[in-house]
Amino acid sequence: MINNYDYSQKYKGVVPQQNGNWGAQIYANNRRIWLGTFKSEIDAAMAYDRASLKLRSADAPRNFPWTKITLQEAKFQAHYTMETVLAMIKDGTYQSKFDDFWKIEKENEQNNVLSPDQKGSFGFSCRVLFQKELTPSDVGKLNRLVIPKKYAVRYFPHVPDHESEGGGGVHVNDEVNLSFYDVQKRLWKFRYCYWKSSQSFVFTRGWNQFVKEKKLMAKDRIVFYYHENLQVSNMGFWVIDTCWSSSNIGVGLKLGVGAHENGELRRETEESFQDQKMDDEIIERSSVKTKGFKLFGVLITE
C-alpha cells in the first residue's frame with residue numbers, strides 16, 4: 001500500500017490511491033479537474049497527457065514525449081468538445097474510440113498515397129514546412145513576427161544582414177517581400193528582413209494587419225506550407241494558416257463562436273462567456289492538419 005505522503009511523484013498529475021490504484025488530475029483555469037482512477041501509474045500519466053493535449057498549449061510539460069500517435073490524438077480530439085474528451089478519458093472509452101479513428105485515418109492515408117506515376121498526373125502537392133506558437137511580442141505593438149533561424153535559413157530566401165531594428169541603414173534594394181496565400185485564397189504580403197542587432201529573422205510590414213484581421217493572440221499558432229508544381233521545377237507558392245489555441249483560458253481570453261462575420265468565426269472575449277459553463281467556453285478552431293487533408297484541392301504531406 002502506498003502512502004500519499006510518502007509518495008515521490010514520478011509523473012505529473014498522478015496521485016496514488018489507498019486501494020492500490022492511481023488517480024489522475026489536471027488544473028485548468030484555476031480549477032481542479034479529476035480525470036478518474038486507473039489500474040496503473042502509466043495509465044494515469046497517459047490520461048493526464050491526453051487532457052493536457054486538449055486543455056494546454058503544445059509546449060506544456062508532459063509525462064511522455066510527442067510521437068506520431070500523439071499528433072494523431074490532437075487531430076482526433078479536434079472533433080470533440082473539451083467536455084466530451086474529458087468524459088471519454090474518465091469513463092475509459094477514450095482508447096477504443098481513438099483506435100477506431102486511427103484505423104480509419106491509416107486506411108485513408110493508404111488510399112491517398114500517390115505513386116511517382118500518379119504524382120505526375122496529379123500535378124501539384126502541398127507539404128507542411130513548419131509551425132510556430134505565437135508569443136506576446138509576436139502579436140503586440142512591435143508589429144513583427146520572429147521566424148526561428150533554423151526555418152528561416154532552410155525555407156526562405158537570403159536577406160541582407162546589416163539592417164537594424166530601427167530601420168537605419170536600410171536600402172530599397174535590401175528589402176525582400178514574401179507573398180503567402182491563406183486557406184481562403186487571399187494574398188498576404190510581408191516584408192522579410194534580418195535584424196543584426198537582435199540576430200533575428202522577422203516579418204515586419206504587413207504582419208500587423210494579418211494579426212488584426214485573423215484576431216490572433218499569444219499561444220495561437222501559425223503554420224506554413226509550400227504548394228508546388230510537380231511537373232515544373234521551381235514553380236510554387238507559400239501558404240499561411242492559423243490555429244486558435246484553447247490554452248488562452250486562464251489569461252482572460254477564451255475562444256468561442258458568437259456570430260459569423262464575413263463567413264468567418266468571430267472570436268469572443270471573456271465577458272461574452274461569463275454566464276456560461278466552462279464546458280461551453282472553449283470551442284476550438286483547428287485548421288492545422290496532419291497527413292491526409294487537402295488544401296486548394298491538393299493532398300498535404302509532412
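In case you missed it, the structure is sitting above this.
First things first, this report covers the structure right here in the doc. (Residues numbered from 1 in each chain as written. Predicted model: local features only at pLDDT ≥ 70, side-chain atom pairs only at ≥ 80, totals over all residues. Heavy atoms only, no water.)

## Quick word on the sheet that holds strand E2 (residues 22-28)
Okay, step 1: Read across the open sheet, the three strands follow the order E1-E2-E3; overall the sheet is antiparallel. Both edges of this open sheet fall to strand E1 (14-16) and strand E3 (31-38), since each of them pairs with a single strand only. Pairwise comparison of adjacent strand axes, ignoring direction, gives a mean angle of 30° for this sheet.
Okay, step 2: Where E1 lies against E2, three bridges are found, and the strand directions are antiparallel. If you follow valine 14 over to E2, its bridge partner there is alanine 24.
Okay, step 3: Taken strand by strand, helix H1 (residues 41-55) contacts E1, E2 and E3, and its axis lies near 20° from that of E2. (Pairing = 2+ DSSP bridges. Helix = DSSP H or I, 4+ residues; strand = E, 2+ residues; numbered from the N terminus. Axes fitted to C-alpha atoms, helices over the stretch in contact; angles between N-to-C directions. Contact = heavy atoms within 4.5 Å.)

## Comments concerning unusual backbone geometry
Okay, step 1: Phi at glutamine 199 takes a positive value of approximately 55°, unusual for a residue other than glycine.
Okay, step 2: In this structure, glutamine 199 sits in the loop between strand E7 (187-195) and strand E8 (200-203).

## Quick notes on the packing of aromatic side chains
Okay, step 1: By the definition in use, this model includes 32 aromatic pairs.
Okay, step 2: Considering the side-chain rings of phenylalanine 130 and tyrosine 155, the 5.9 Å spacing of their centres and the 15° angle between planes classify their relative orientation as stacked. In this pair, phenylalanine 130 is assigned in strand E4 (residues 124-133) and tyrosine 155 in helix H6 (residues 149-155), connecting sequence segments 25 residues apart. In this pair, the class of phenylalanine 130 matches that of tyrosine 155, namely buried.
Okay, step 3: Centre to centre, the rings of tyrosine 226 and tryptophan 238 are 6.3 Å apart; their planes meet at 65°, and the pair counts as edge-to-face. (Phe/Tyr/Trp six-rings, centres within 6.5 Å; stacked < 30°, edge-to-face > 60°. Buried < 20%, exposed > 50% of the residue type's maximum accessible area, 1.4 Å probe, protein only.)

## Brief notes about the environment of lysine 185
Okay, step 1: Tracing the chain through its elements places lysine 185 in the loop between strand E6 (176-181) and E7.
Okay, step 2: As for lysine 185 and valine 239, which are separated by 54 residues in sequence, their C-alpha atoms are 8.8 Å apart.

## Quick word on the pairing of E6
Okay, step 1: Side chains of E6 alternate between two faces, with Val176, Leu178 and Phe180 buried and Asn177, Ser179 and Tyr181 left unburied.
Okay, step 2: Inspection of the sheet shows E6 paired to E7 by six bridges, in the antiparallel sense. Each residue of the ladder has a partner; that of tyrosine 181, found in E7, is leucine 187.
Okay, step 3: Once E6 ends, the chain turns through five residues before running back antiparallel as E7, passing lysine 185 with a positive phi of about 65°.
Okay, step 4: Pairing between E6 and strand E10 (residues 236-243): two bridges, direction parallel. Following the sheet pairing, tyrosine 181 is matched in E10 by valine 239.

## Topic: the nonpolar core
Okay, step 1: Ranked by internal contacts, the top residues of the largest apolar core, which has 28 residues, are Ile147, Phe156, Phe180, Tyr192, Phe203, Trp207 and Phe224.
Okay, step 2: Examining the composition of this core, we find that four residues originate from one element, E7, more than from any other.
Okay, step 3: Leaving out residues up to four positions away in the same chain, phenylalanine 224 has contacts with Arg127, Val128, Leu129, Phe130, Leu145, Ile147, Phe156, Phe180, Phe203, Val239 and Ile240.
Okay, step 4: Residues Tyr11, Ala44, Ala45 and Leu55 belong to the second largest nonpolar core, which totals 24 residues. (Core = buried A, V, L, I, M, F, W, Y, C linked by side-chain atoms within 4.5 Å.)

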